[in-house]
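# Report on the structure
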Amino acid sequence: MLQIKMNWAGGLRFEGDSAFGHRMVTDGGKQAGGQESGFKPTELVLFGIAGCTGIDVVNILKKQRQNLESLEIEVIAHHNDDYPKPMHTFEIKYIAKGDGLSEQ
């Protein structure tokens, strides 16, 4: 089970702590009425996708005995222009570098 809690800190700002004790702050953009004092919540979805899939890629390459030296992950989310703006398509690009790294 994984659970988080965030507390409203006024305006559009929310604060919470991670399982490892790190403070997480989210906020809305100024055009939406926020102060831009933290991550946009939608950004965190993309960071989560990059982090989760990145861990999988690193572990898979490690099991395949690939010499991974760097891994960059770009995530683009497409959403509707009108509210509530649900994300409907994600593009994920992995840029892996390493000595003798197999394309497969």
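Attention in this report is confined to the structure presented alongside it.

What follows covers the pattern of salt bridges. Per the stated rule, a full pass over the model turns up three salt bridges. Ionic pairing is found between Glu15 and Arg23, a salt bridge with its closest N-O pair at 3.1 Å. Here Glu15 falls in the partly exposed class, since its relative accessible area comes to 22%. Of the charged contacts, one joins Asp17 and Arg23 as a salt bridge, the two residues approaching to 3.0 Å between their closest N and O atoms. Assessed through its relative accessible area of 44%, Asp17 is described here as partly exposed. Residues participating in the shared-partner salt-bridge network are Arg13, Glu15, Asp17 and Arg23.

Strand order across the open sheet formed by three strands is 1-2-3, with antiparallel pairing between neighbours. Two strands in the sheet have a free side with no partner beyond their single neighbour: strand 1 (6-8) and strand 3 (23-26). Neighbour-to-neighbour, the strand axes of this sheet turn through a mean angle of 25 degrees, independent of strand direction. In terms of strand pairing, strand 2 (residues 14-17) meets strand 3 through four bridges, oriented antiparallel. Counterpart to Glu15 in the pairing with strand 3 is Val25.

Right, let's talk about helix 1 (residues 41-63) for a bit. For an α-helix, the turn length of 3.6 residues means that residues three or four places apart are oriented alike. Compared with the 33 Å implied by 1.5 Å per residue over 23 residues, the 33 Å span of helix 1 between its first and last C-alpha is a close match. Residues of helix 1 that are buried include every one of Ala50, Gly54 and Leu61, and no others. The elements touched by buried residues of helix 1 are strand 4 (70-79). Among the residues trailing helix 1, Arg65 stands out with phi positive, at a value near 60 degrees.

What counts, and where the lines are drawn
Positions within a chain are numbered from 1, following the residues in the order the chain's sequence is written. Where local features are concerned, this predicted model is filtered to residues with pLDDT of at least 70; where side-chain atom pairs are given and counted, the filter is 80 or more; whole-chain, interface and lining totals use all residues. Here the side-chain values reflect all heavy atoms present in the structure, with hydrogen atoms and water set aside. Any Lys or Arg side-chain nitrogen located within 4 Å of an Asp or Glu carboxyl oxygen qualifies as a salt bridge. Exposure categories follow from relative accessible area, calculated using a 1.4 Å probe and restricted to protein chains: below 20% of the type maximum is buried, above 50% is exposed, and the middle band is partly exposed. At least two bridges found by DSSP between two strands is the condition for calling them paired. Here a helix means four or more residues in a row that DSSP labels H or I, a strand means two or more in a row labelled E, and each is numbered from the N terminus. For helices, the axis comes from a line fit to the C-alpha atoms of the stretch in contact; other axes are also lines fit to C-alpha atoms, and the angle between any two N-to-C directions lies between 0 and 180 degrees. Expected helix span is given by 1.5 Å per residue-to-residue step, counting one fewer step than there are residues. In what follows, a contact means two residues having at least one pair of non-hydrogen atoms within 4.5 Å.

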